[in-house]
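# Descriptive analysis of the structure
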Amino acid sequence: MAIVKRKFDVVIVGAGGAGMRAALQLSEAGFNVAVLSKVFPTRSHTVAAQGGIAASLGNVTEDNWHWHMYDTVKGSDYLGDQDAIEFMCRQASEVVYELEHFGMPFDRLENGKIYQRPFGGQSQNFGGAQATRSCAAADRTGHALLHTLYQRNVHANTQFFVEWMGLDLIRNEQGDVTGVTALEMETGNVVALQARAVLLATGGGGRVFQASTNAFINTGDGLGMAARSGVPLEDMEFWQFHPTGVYGAGVLISEAVRGEGGYLLNKDGERFMERYAPNAKDLASRDVVSRALTMEIKEGRGCGNNADHLLLKLNHLDADVINKRLPGIREIAIKFAQVDPIDEPIPVIPTAHYMMGGIPTNLYGQVVAPYKTGPEEVVQGLYAVGECACLSVHGANRLGTNSLLDIIVFGRAAGKQIIEDLKKNPHHKKLNEAAIDRSLTRLDRLDNQKDGENVAQVGEALRKTMQEHCGVFRFPDLLKEGVVKINEISERVEHTEIKDKSKVFNTARVEALELNNLVEVALATMVSAEARNESRGAHAREDFPKRDDDKWLKHTLYFSEGRRLDYKPVRLKPLTVESFPPKARTY
Amino acid sequence: MRFSIYRFDPDKDEKPYMQDYDIQLDPADKMLLDVLIRIKTVDDSLSLRRSCREGVCGSDGMNINGRNGLACITPVAGLKEPVELRPLPGLPVIRDLIVDMTQFFKQYRSVTPYLVNNDPPPETERLQSPEERAELDGAYECVLCACCTTACPSFWWNPDKFVGPAGLLQAYRFLADSRDQATAERLDDLEDPYRLFRCHSIMNCVDTCPKGLNPTKAINKIKGMMVKRTV
Ligand SMILES: Cc1cc2nc3c(=O)[nH]c(=O)nc-3n(C[C@H](O)[C@H](O)[C@H](O)COP(=O)(O)OP(=O)(O)OC[C@H]3O[C@@H](n4cnc5c(N)ncnc54)[C@H](O)[C@@H]3O)c2cc1C
Ligand code: SF4
Ligand code: SF4
Ligand code: FES
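So, here is what we can say about the structure in this document.

Scoring rules and cut-offs
- Note on numbering: residues in each chain are counted from 1, in written sequence order.
- To label them, take the chains in the order written and letter them from A, then take the ligands in the order written and number them from 1.
- Given that the model is predicted, a residue must reach a pLDDT of at least 70 before its local features are reported, and side-chain atom pairs must reach 80 or more before they are shown or counted; all residues, however, enter totals for whole chains, interfaces and linings.
- Note that the side-chain values use all heavy atoms of the structure and ignore hydrogens as well as water.
- Per the convention used, a helix needs a DSSP run of H or I reaching at least four residues, while a strand needs a run of E reaching at least two, with both numbered from the N terminus.
- For the radius of gyration, the atom set is restricted to C-alpha positions; the globular benchmark scales as 2.2 Å times the number of residues to the power 0.38.
- Residue contacts are defined here by distance: any two heavy atoms, one from each residue, within 4.5 Å place the two residues in contact.
- Any residue with a heavy atom positioned within 4 Å of a molecule or strand is treated as near that molecule or strand.
- Each residue is assigned to one of three groups, with Ala, Val, Leu, Ile, Met, Phe, Trp, Tyr, Cys and Pro labelled nonpolar, Asp, Glu, Lys and Arg labelled charged, and all others, Gly among them, labelled polar.
- Only when DSSP finds a minimum of two bridges between them are two strands counted as paired.
- What counts as an axis is a line fitted to C-alpha atoms, over the stretch in contact for a helix, and the angles between N-to-C directions run from 0 to 180 degrees.
- Summed over both partners, the accessible surface that disappears when two parts come together, traced with a 1.4 Å probe, is what is meant by buried area.
- Whenever a carboxyl oxygen of Asp or Glu lies within 4 Å of a side-chain nitrogen of Lys or Arg, that contact is scored as a salt bridge.
- Polar contacts, as counted here, are pairs of nitrogen or oxygen atoms within 3.5 Å of one another; within protein the pair requires one atom able to donate a hydrogen and one able to accept it, and residues that are adjacent in sequence qualify only if both atoms are side-chain atoms.
- Two rings from Phe, Tyr or Trp (for Trp, the six-membered ring) form a pair when their centres sit within 6.5 Å of each other. Planes less than 30 degrees apart are called stacked, planes more than 60 degrees apart edge-to-face, and all others tilted.
- When accessible area is computed with a 1.4 Å probe and restricted to protein chains, residues below 20% of their type maximum are described as buried, those above 50% as exposed, and intermediate ones as partly exposed.
- Here, a charge over a ring is recorded when the distance from Lys NZ or Arg CZ to the ring centre is within 6 Å and its angle to the ring normal is within 35 degrees.

### Quick notes on the overall build of chain A
From N to C terminus, chain A includes 16 helices and 24 strands. Taking 587 residues into account, the globule formula puts the C-alpha radius of gyration at 25 Å, and chain A, at 23 Å, falls close to it. Seen through its C-alpha atoms, chain A measures out along the principal axes to roughly 65 × 50 × 50 Å. For chain A, contacts bridging at least 24 residues in sequence account for 74% of all contacts bridging at least 6.

Pasting the structure below:
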């Protein structure tokens, strides 16, 4: 079947913070860039980020990038690649100032500088006193950041393809990526977009879990596209559960609440974090706090009739502080928990939040995979940034406000790298028709399926399995069973049916296609988690409660084909400074 | 609970119709969006936009019992039955509850929606006092849901000429920013019988904004800035 083909210098799949920062770099340099997004750019989930973006500006407490680097390495439970972490922390101040120059409406201190607040895992002097490092626009930092980037892209005349869904990567016989197939939702047309560089910036996949702070559109599409085309997925067993999702609703209550002085209570009114993290208390790293909440509930100290949640107290704070610094949180608590946090504590529970793993890349956003010469060979023409990528700067556990930093630093770096690489690649490479046919076959199958299963039903089974078998604490039997179940679900995904056959804005079709991606994410997660026999960062194995650096100080690589695993070393050597060797991690 | 929903698929329907759904509410169905998602699991052809489900992305603006709002932050409990759901008024319908927002975004883009400052940027941040920053509160938080603009009669009559409340709020966001240097150009651009002055302070926009913003106030401030510079 012949389909329409269009040609661009660069195609970016995703218009969140990562995709738009890269797009800006390329549009301003005069390249012909097409940015695809399932939703209007400002509706990307970066908009929901609340607490801040980390940078050692030192506006409130003394700070420097090296301390930030130490905290990030420690936070990652030593699984982070130290060259990438150094790169990110060194550039943090510069990219935040740049955002300010773009017009981002940060809150201000009395002296007119950018407002900063403390967040979990931030320290001065390599593990000393609490640092104040998160630059914030009230509790709407993501909104402020995303809208500012969209505005700059309007200025730079970036071409957006709004409500276009990327389907599959097109790779040639050499394995080079030469374009993508995409679905224009409004018309139902499938188009092949040819490009000299394809950048995946599709964000997270938190919708593989039942209770998630993520948006409906966070279905790990870039990971599905990569996995189906033979690119491995890295460190997928590491998912961050945020300690404070609204009980019953999943909506996030930012760590900024604890940064501004809020704290957690159990049913006895005890400030239990003092027991689990005597120094950092409520501002310990997220994996630590989420496990503490789970233990409190497990040991019967949860609140409410079912003793199944805990309370986040901030009513001791000044109402002015809440209204000025946490207005969005107050709005969320009133709407989704029916409590006004000025008067009452908010019921919370650990909730799936952030995917540390993703498509393996180097510092420049180039996707790397084992091929002929080693584990880090560049896949020509393919780049990834943002939550869908794994550099890895977050290792086994991400620190709060390091993700907005990640997407901006590496969005910019990838943009710059693409500009360099395009100089060496002046010509488009041929599109491989067989690769295009793969997308068309998938769509045909879906349109012609008879007596298939309902997409929502299979999706629900997937989310339930992930929630029950791969949560905050992981048990060997549950993981083994989980692998079997997810494999079965992946079969069911091949036989889903949609009743809606319309060409026009067919959201049933979009959801069915998203399920193809969710299942790749779920498989990678469950298989990788089952294999990692240690506890590190967010991966807490009940049967292997300790970190095991001898055997497991390495990154997992999951290959969709054959559902097999491989491993590659952690890059412990930073760019210029001394390495931080693994040591016991306490807060 | 009965929901009466506007349906139209140009691929098969000659004209729009209302379809009724009777739904047994479940304790988890707190917001209108929860119910719509549940309806979609039984009738996958019902089409709507949604993403964040917490009122920050602006996707699911629709007309709910005659009033524009975001489904994800509209509690079902308080709604009068049958709950009548229609697409946002005043914009062409693509399908069901999905409207074509082209005109809305065109107006947004027409107000130079970015900071203009031609001085070479300093090495650190540009300074702004907390009081100057406070001027942006109520102006920068807009989620571009179009609930206000599509409730505005002036926009219905002149969608190509009148910027509309959301666009004007955005214009004000930059006029109010102490770092912006294009005040004169921005005001010149709006000094026109239509772009700004079609607003007759009918206040529909204020009533409807699901984020509690006040575009009319911003519009009046812009008018005030114009008066001030002519005297
Ligand atoms: C509630 C919440 C609060 C958070 N708060 C903070 C915080 O305070 N600080 C911090 O540092 N981090 C925070 N995070 C994490 C951080 O916000 C995200 O990791 C980050 O914004 C991801 O950015 P991104 O650009 O990679 O992806 P996104 O912003 O999710 O963008 C993904 C883009 O890809 C597009 N897309 C996806 N699939 C396709 C496809 N198939 N075809 C076309 N387009 C596609 C989408 O339309 C979208 O434009 C928070 C996360 C959540 C969920
Ligand atoms: S106040 Fe102005 S902008 Fe708002 S609805 Fe009325 S005419 Fe429209
Ligand atoms: S001002 Fe309010 S109603 Fe209008 S687009 Fe913005 S958020 Fe929506
Ligand atoms: S779904 Fe995002 S505003 Fe309602």
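Continuing now.
### Here we look at the site of ligand 2
Residues and elements named next belong to chain B. Contacts to ligand 2 come from 13 residues, most closely from C152, C199, I202, M203 and C205. Where the shell around ligand 2 is concerned, the elements lending two or more residues are α7 (204-208) and α8 (215-230). For the shell around ligand 2, the per-class residue count stands at eight nonpolar, five polar and no charged.

### A closer look at the sheet that holds strand β1 (residues 2-7) of chain B
Residues and elements named next belong to chain B. Sheet architecture is open: five strands sit in the order β2-β1-β5-β3-β4, paired in mixed fashion. Unpaired on one side and paired on the other, β2 (17-22) and β4 (67-70) mark the two borders of the sheet. Direction aside, neighbouring strands of the sheet carry axes that sit 30° apart on average. Pairing between strand β3 (residues 61-64) and strand β5 (residues 83-86): two bridges, direction antiparallel. Bridging from a neighbouring strand, N63 pairs with R86 of β5.

### Looking at the interface of chain A and chain B
Of the residues lining the interface, 65 residues belong to chain A; the matching set on chain B comes to 61 residues. For the pair chain A and chain B, the summed buried area comes to about 5000 Å², and 53% of that belongs to carbon and sulfur atoms. When the buried surface of chain A facing chain B is broken down by residue, R43(A), H101(A) and F216(A) rank first, second and third, together holding 15% of it. Counting every contact that joins chain A to chain B gives seven salt bridges. Residues R140(A) and E141(B) are paired through a salt bridge, measuring 3.8 Å at the closest nitrogen-oxygen approach. Linking chain A with chain B are 32 residue pairs in polar contact (both at pLDDT 80 or more).

### Some words on the packing of aromatic side chains
Inspection of the entire model under this criterion finds 16 aromatic pairs over all chains. When the ring of F40(A) is compared with that of F105(B), the centres are 3.7 Å apart and the planes differ by 5°; the resulting orientation is stacked. Placement of F40(A) in the loop between β2 (33-37) and β3 (53-54) and of F105(B) in helix α2 (residues 102-109) is noted, with the two residues assigned to different chains. Ring centres 6.3 Å apart and planes at 90° place the aromatic pair F272(A) and Y276(A) in the edge-to-face group. A relative accessible area of 28% means that Y276(A) is categorised as partly exposed. In textbook terms, an aromatic cluster arises when at least three aromatic residues are bridged by ring pairs, as seen for F40(A), Y150(A), F160(A), F104(B), F105(B) and Y108(B). Positioned above the aromatic ring of Y567(A) is the side chain of K554(A), whose terminal nitrogen or guanidinium carbon lies 4.5 Å from the ring centre.

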